Amino acid sequence: MTSNIAAVRTRWKEHLTGYVFIAPWLLGFIGFALFPLTSSLYLSFTEYDLLSAPEWIGWDNYRRMLFEDERYWNAVRATLIYVAVAVPLKLLFALIVALILNQSLRGIAILRSVYYLPSIIGGSVAVAVMWRQLFGMDGAVNSFLSMLGKTTNVSWIMNPDTAIYTIVLLGVWQFGSSMLIFLAGLKQIPSGLYEAAVIDGAGRWQQFLKITLPQLTPVILFNLIMQVIAGFKVFTEGMIITGGGPFDQTLFYALYLYEKSFSSFEMGYGSAMAWVMLLVVALITALIFKSSTYWVHYETKES
Amino acid sequence: MKGIRLLSFMLLAVVLVISGCAGEKGTTESGKNAGQETDKSTGTEERNGVGDEKVTIRMSYFAGSQATIDLTNQIIELFMKKYPHIFVETEFANYESYFEKLSVQAASNSLPDIIRQDYAFIAQYAEKGLLMPLDEQIASGKIDMTDVHPSNLEGGIVDGGMYGINIGNNAITLIYDPASFEQAGVKPPHEHWTWEDYEQAVLTLHEQTGLYGDSHQTFPSFGIFLRQHEQHLYNEDGTALGYEDDKLFIDFYEMQMRLQKANAISSVAEEMESKGLEDNVFATKKSAMGTFFSNNMENLQKMRGSSLAMSMLPGSGEGNGMYVKPSQFMSIAQSSKNPEEAALFIDFWINDIEANKRMNTYFGFPYAPKVIEAMEPHFTDAQKKIAEYLETVQKYAAPIDPPDPNRASEVTKLLTNVSQEYFFDRISVQEAAAKFRESANAILAKNK
């Protein structure tokens with residue numbers, strides 16, 4: 001009996017040691033993740049302007065959002081366009097650059113760093129300002145066009161037809177992190193496969209299609225998911241370059257969420273928007289995972 | 001082994017402590033200013049034997065630049081010199097995060113004693129009972145408003161009570177370059193200028209000088225246009241739009257469309273690209289006129305490097321359109337434990353001659369007659385023009401609309417969006433008018 005209690009006690013002691021060791025993380029998780037998350041879920045069912053106590057209104061926020069708010073759907077539209085255009089383009093671009101940088105050339109390490117640079121500085125305010133200088137009415141792009149004899153005074157960033165695509169371009173330009181991951185993936189492909197293919201007389205294009213691409217699919221899946229999630233969260237670029245304008249053409253979801261929460265002080269509505277976003281992103285991620293069984297190639301599964 | 005473990009623990013501790021310190025220092029620098037020099041000066045005066053217990057009051061404000069912060073600190077220094085028994089602690093943030101922070105403080109019942117308020121938010125705060133009515137303080141002369149024209153104070157009135165003291169005046173104005181008018185042979189604006197005169201002038205200016213005549217008129221101008229027709233943007237209780245007839249909307253925006261089609265005003269895209277006063281179309285000399293608040297006059301003259309002139313918006317000669325706008329307010333929190341000292345501070349800000357000389361109209365134009373009298377001999381060229389302009393406005397002004405209702409920021413955003421859709425030729429002006437009415441009413445209906 002006593003030995004039993006002692007055993008429980010030692011086990012408890014062991015557990016406690018474990019918990020003490022992870023305490024910093026645990027406290028952080030409870031305080032900075034779990035608590036805000038649950039309270040935002042609660043707030044999404046309330047009307048809360050920070051000045052007076054939250055007031056329970058049931059599904060009202062969700063109803064207003066989905067059925068009455070035109071600007072909400074503007075935001076959904078802008079975000080979907082961004083994700084649908086920017087993510088594939090970015091991955092394609094990252095893959096192409098990764099393939100080029102995978103050669104063994106002199107000074108390749110420097111080139112790799114240089115191509116990674118936009119990712120480091122891409123989300124910053126300064127670059128957003130630079131983008132305005134490039135695509136503005138008196139910007140570099142227009143100067144270049146007029147040099148080619150096509151004088152135009154379109155403001156690419158403020159024209160409702162082109163505004164969102166200048167931001168897409170900025171997103172694509174920040175291809176560095178995907179590129180690095182692709183590069184790592186390319187290095188993992190056994191060179192024996194290529195040697196065998198060369199012996200069998202396969203050309204470069206065939207090698208790419210039959211070896212590189214299938215071998216790379218797990219990495220593509222990873223990059224795709226990361227970029228889709230990042231794409232849904234696009235904020236800074238819209239905030240600084242266009243401010244959501246012209247007439248909500250670049251009002252990204254996160255931007256509208258921010259506007260609702262912090263300039264109209266509708267915290268409940270903002271929380272509801274955040275939860276819908278979370279669910280949609282989770283759903284899309286799940287779908288991508290599901291689809292992966294059809295196109296992602298795992299070495300271990302086949303053997 | 002043990003030695004290494006101990007060492008690593010110590011290292012960790014050191015790192016934590018250092019980062020902790022750095023964090024603390026960071027917040028004091030950005031968020032709070034206890035004012036070290038001021039501390040010293042009051043300290044010495046205390047020794048001179050003011051028997052009272054020292055009172056600390058907190059004051060918060062929004063600041064867009066270091067200049068605002070420096071100037072505010074200087075004024076506080078003057079105040080603490082005059083009233084050594086009071087210590088003023090300040091908190092500041094830029095405009096957007098200021099109101100974010102303020103609402104969090106309101107939620108946690110820790111509002112500062114003196115709150116800087118804006119016309120867009122004061123009604124909301126007053127209605128929630130967060131601000132203290134100041135009528136008594138004014139009646140008793142603690143906040144001295146003798147000889148002050150009531151039009152300077154009515155902006156701070158919510159539901160009959162005075163909740164914020166105007167810290168300086170502003171008014172919307174057309175600022176123009178008289179040289180361009182002369183070059184184009186157009187008679188410069190005068191007090192009885194009409195919108196027809198304006199349209200013609202903009203067209204001629206463009207034809208004769210190749211410059212833009214003006215930019216698109218935006219939200220505050222539309223409000224003034226409505227007032228000129230004895231209508232208002234919001235109804236009295238802020239639950240719907242205040243004007244009945246969409247013809248006003250249509251007239252106002254169609255005129256601008258005509259000017260836009262003639263290329264006589266800058267394009268919407270060009271205006272949207274500008275992010276501040278510096279790259280504004282008028283400041284960069286691409287247009288002959290622009291609509292601003294009167295306090296921008298000094299900067300605009302500097303930026304353009306030439307002498308400019310000010311005029312009321314067209315159609316204001318009938319005396320319904322224009323108004324004098326309080327630049328910012330100072331309010332006292334309902335929860336304040338030291339309302340007496342807070343009132344003293346507000347009084348000092350408005351009436352102290354030395355303080356106002358130091359501010360030099362930075363926070364809006366002073367309105368206390370004694371202060372103006374003392375400052376007048378030192379006015380710069382731009383300040384003289386502003387003073388003269390504000391007098392003209394006061395002559396033709398009608399009382400200012402009550403402070404914006406809740407959700408007004410959403411309505412102005414909507415107006416911007418709808419008018420842009422029209423200017424980019426996506427919808428007709430009738431559709432724009434109807435869309436604005438419908439959506440704005442839906443937004444404002446939530447205030448019921």
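Just above, that's the structure.
Okay, so let's go over this structure.

Some details on the overall build of chain B
Along the backbone of chain B there are 18 helices and 13 strands. Contacts spanning at least 24 positions in sequence make up 75% of the contacts within chain B whose residues lie at least 6 apart. For chain B, the exposed surface amounts to about 20500 Å²; the carbon and sulfur share of it is 52%.

Comments concerning the interface of chain B and chain A
Taken together, the contact pairs 30 residues of chain B with 32 residues of chain A. For the pairing of chain B and chain A, the buried interface totals around 2500 Å² over both sides, and the portion due to carbon and sulfur atoms is 54%. Taken together, chain B and chain A are joined by six salt bridges. The partner of Arg 407 of chain B in a salt bridge is Glu 47 of chain A, and the shortest N-O contact between them spans 3.4 Å. Linking chain B to chain A there are 11 residue pairs in polar contact (both at pLDDT 80 or more). Elements that contribute at least two residues to the side of chain B that touches chain A include exactly helix H4 (95–107), helix H5 (122–127), helix H11 (268–273) and helix H17 (408–423) of chain B. A per-class count over the side of chain B that touches chain A returns 10 nonpolar, six polar and 14 charged.

Focus: the pairing of strand E13 (residues 329–332) of chain B
Residue and element names in this part refer to chain B. Of the two faces of E13, the one holding Phe 329 and Ser 331 and the one holding Met 330 and Ile 332 are both buried throughout. With four bridges joining them, strand E4 (residues 114–117) and E13 adopt antiparallel strand pairing. When the sheet's bridge partners are listed, Ile 114 is paired in E13 with Ile 332. One ladder, built from two bridges, connects strand E7 (residues 165–166) with E13; its direction is antiparallel. Bridge assignment links Asn 166 to a residue of E13, and that residue is Phe 329.

What to know about the nonpolar core
Judged by nonpolar contacts, the single largest core of 115 residues is most densely connected at Phe 222, Phe 249, Tyr 253, Met 289 and Phe 436 of chain B. In terms of residue count, helix H10 (residues 246–261) of chain B provides more of this core than any other element does, eight residues in total. Contacts of Phe 436 of chain B, omitting those with residues within four sequence positions, involve Leu 233, Leu 241, Tyr 243, Phe 249, Val 411, Leu 414, Leu 415, Val 418 and Asn 441 of chain B. Counting residues in hydrophobic clusters, the runner-up holds 54 residues, among them Val 172, Ile 220, Leu 251 and Leu 255 of chain A.

A closer look at the pattern of salt bridges
Counted by the stated rule, this structure contains 25 salt bridges over all chains. Glu 266 of chain A is paired through a salt bridge with Arg 64 of chain A; the nearest N and O atoms lie 2.9 Å apart. Of the two residues, Glu 266 of chain A sits in the loop between helix H12 (253–262) and helix H13 (267–295) while Arg 64 of chain A sits in helix H2 (residues 60–67), which places them 202 residues apart along the sequence. Classification of Glu 266 of chain A by relative accessible area gives buried; the value is 9%. In this structure Arg 64 of chain A comes out as buried when scored by relative accessible area, which is 11%. Across the salt bridge formed by Arg 71 of chain A and Glu 259 of chain A, the nearest N and O atoms sit 3.0 Å from each other. With a gap of 188 residues between them, Arg 71 of chain A in helix H3 (residues 70–101) and Glu 259 of chain A in helix H12 connect regions that are remote in the sequence. Here the salt bridges share partners, and the residues they tie into one network are Glu 47, Arg 64, Lys 260 and Glu 266 of chain A together with Arg 407 and Glu 410 of chain B.

Conventions adopted
- Residues numbered from 1 in each chain as written.
- Chains lettered and ligands numbered in written order.
- Predicted model: local features only at pLDDT ≥ 70, side-chain atom pairs only at ≥ 80, totals over all residues.
- Heavy atoms only, no water.
- Helix = DSSP H or I, 4+ residues; strand = E, 2+ residues; numbered from the N terminus.
- Contact = heavy atoms within 4.5 Å.
- Areas by Shrake-Rupley, 256 points an atom, 1.4 Å probe, with all protein chains shown as cover.
- Buried area = accessible area lost by both parts, 1.4 Å probe.
- Salt bridge = Lys/Arg side-chain N within 4 Å of Asp/Glu carboxyl O.
- Polar contact = N/O pair within 3.5 Å; in protein donor to acceptor, adjacent residues only side chain to side chain.
- Nonpolar A, V, L, I, M, F, W, Y, C, P; charged D, E, K, R; others polar.
- Buried < 20%, exposed > 50% of the residue type's maximum accessible area, 1.4 Å probe, protein only.
- Pairing = 2+ DSSP bridges.
- Core = buried A, V, L, I, M, F, W, Y, C linked by side-chain atoms within 4.5 Å.

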